[in-house]
Amino acid sequence: MSNKNIKVKDYIIKSAADFFTPIGLVLGLYIILHGHLSPGGGFQGGVIVASAVVLIYLGYGYEKSSSTFKPNILKKSEAIGALMYTFFALLGIFYAANFCRNVFFNIGNPGDLFSSGTIFLMNAAVGYKVLTGVGFLIILMFGLLGNKEA
């Protein structure tokens, strides 16, 4: 007995998407959070987190990916990320220094997660902006393809 409606390819791709999406999310968030201490940073981690949109699209198609990652919310969240970065960069001017100056640098132990002051906050803001912006662009590109299924 074989059911011709079942496609083995769909199960393999969905299983791979289900397996690799959490790994990509955790890796990307790790790179965002530790980017000021090690190679990587907000941009690289944000792009890795945004790759979850591609994995969900490949496994489940456009409808599921656009309902999971709502394009309007992503677009508005990108603006919030830009405002966050600008606010943290302006803290240098508020503390009588220059733009993007690290003003809270005497906190924590060197090498700890929160030891770099505003550099950590700016890095997290860049990661948030990139993951929302690239995620929005990916959803937009898949919507313009006209191919609603992977």
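All values reported here derive from a predicted model rather than from experimental measurement. (Residues numbered from 1 in each chain as written. Predicted model: local features only at pLDDT ≥ 70, side-chain atom pairs only at ≥ 80, totals over all residues. Heavy atoms only, no water.)

Draft legend 1. Region of the structure containing the pattern of salt bridges. One pass over the full model with this rule turns up one salt bridge. A salt bridge links Glu78 to Lys129; the shortest N-O distance between them is 2.9 Å. A residue pair is termed long-range when its members are at least 10 positions apart, and Glu78 in helix H4 (residues 71-94) and Lys129 in helix H5 (residues 118-144) qualify at 51 residues. (Salt bridge = Lys/Arg side-chain N within 4 Å of Asp/Glu carboxyl O. Helix = DSSP H or I, 4+ residues; strand = E, 2+ residues; numbered from the N terminus.)

Draft legend 2. Up close: the nonpolar core. Ala50, Val53, Tyr57, Tyr62, Ile138, Ile139 and Phe142 form the largest nonpolar core, which has seven residues in total. Of all the elements in the fold, those that place two or more residues in this core are helix H2 (42-60) and H5. Aside from chain neighbours lying at most four places away, what touches Val53 is Ser65, Phe69, Gly135, Ile138 and Ile139. Ranked by size, the runner-up nonpolar core spans six residues in total, among them Phe88, Leu91, Val103 and Ala125. (Core = buried A, V, L, I, M, F, W, Y, C linked by side-chain atoms within 4.5 Å. Buried < 20%, exposed > 50% of the residue type's maximum accessible area, 1.4 Å probe, protein only. Contact = heavy atoms within 4.5 Å.)

Draft legend 3. Spatial organisation of H4. Here H4 is 24 residues long and its end C-alpha atoms lie 35 Å apart, about the 34 Å a rise of 1.5 Å per residue gives. Regarding H4, the residues found buried are Leu74, Ser77, Gly81, Phe88, Ala89, Leu91 and Gly92. Taken together, the buried residues of H4 touch H5. Phi turns positive one or two residues past the end of H4, at Ala96, with a value near 60°. (Expected span 1.5 Å × (residues − 1).)

Draft legend 4. Just H2, in detail. With 19 residues, H2 should reach 27 Å at 1.5 Å per residue; the first-to-last C-alpha distance of 28 Å fits that figure. Taken as a whole, H2 has its buried residues at Gly42, Gly45, Gly46, Val49, Ala50, Ala52, Val53, Ile56, Tyr57 and Gly59. Immediately beyond the C-terminal end of H2, within one or two residues, lies Gly61, with a positive phi of roughly 95°.

Draft legend 5. Layout of the packing of aromatic side chains. Within this structure, the stated rule accounts for three aromatic pairs. Summarising the aromatic geometry, the rings of Phe19 and Phe20 are spaced 5.0 Å apart at their centres and angled 85° between planes, so their arrangement reads as edge-to-face. (Phe/Tyr/Trp six-rings, centres within 6.5 Å; stacked < 30°, edge-to-face > 60°.)

Draft legend 6. Highlighting the environment of Phe87. The residue Phe87 is located in helix H4 in this model. You can call Phe87 partly exposed: its relative accessible area is 45%. Spatially, the C-alpha atoms of Phe87 and Met122 are 8.9 Å apart, while their sequence positions differ by 35 residues.

Draft legend 7. Up close: a nonpolar patch on the surface. A contiguous nonpolar patch, built from Phe87, Ile93, Phe94, Tyr95, Phe99 and Phe104 and spanning about 640 Å² of accessible area, is present on the exposed surface. Structurally, Ile93 is set in helix H4. We classify Ile93 as partly exposed; its relative accessible area is 43%. (Patch = residues over 30% accessible without salt bridge, like charges linked within 9 Å, V, L, I, M, F, W, Y side chains within 5 Å. Areas by Shrake-Rupley, 256 points an atom, 1.4 Å probe, with all protein chains shown as cover.)

Draft legend 8. Spotlight on the packing of H2 against H5. Orientation of H2 relative to H5, taken along the N-to-C sense of each, is 30°, at an axis distance of 7 Å. With respect to H5, the element H2 is oriented roughly parallel. H5 is crossed by H2, and the crossing has right-handed handedness. Facing Gly42, Phe43, Gly46, Val47, Val49, Ala50, Val53, Val54 and Tyr57 of H2, the residues of H5 in contact are Asn123, Val126, Gly127, Val130, Leu131, Val134, Gly135, Ile138, Ile139 and Phe142. Residues of the contact of H2 with H5, tallied by class, amount to 14 nonpolar, five polar and no charged. (Axes fitted to C-alpha atoms, helices over the stretch in contact; angles between N-to-C directions. Parallel < 35°, antiparallel > 145°, perpendicular 65-115°, else oblique. Left-handed = near helix turned anticlockwise from the far one by under 90°. Nonpolar A, V, L, I, M, F, W, Y, C, P; charged D, E, K, R; others polar.)

Don't take any of this as a statement about function, it's just geometry.
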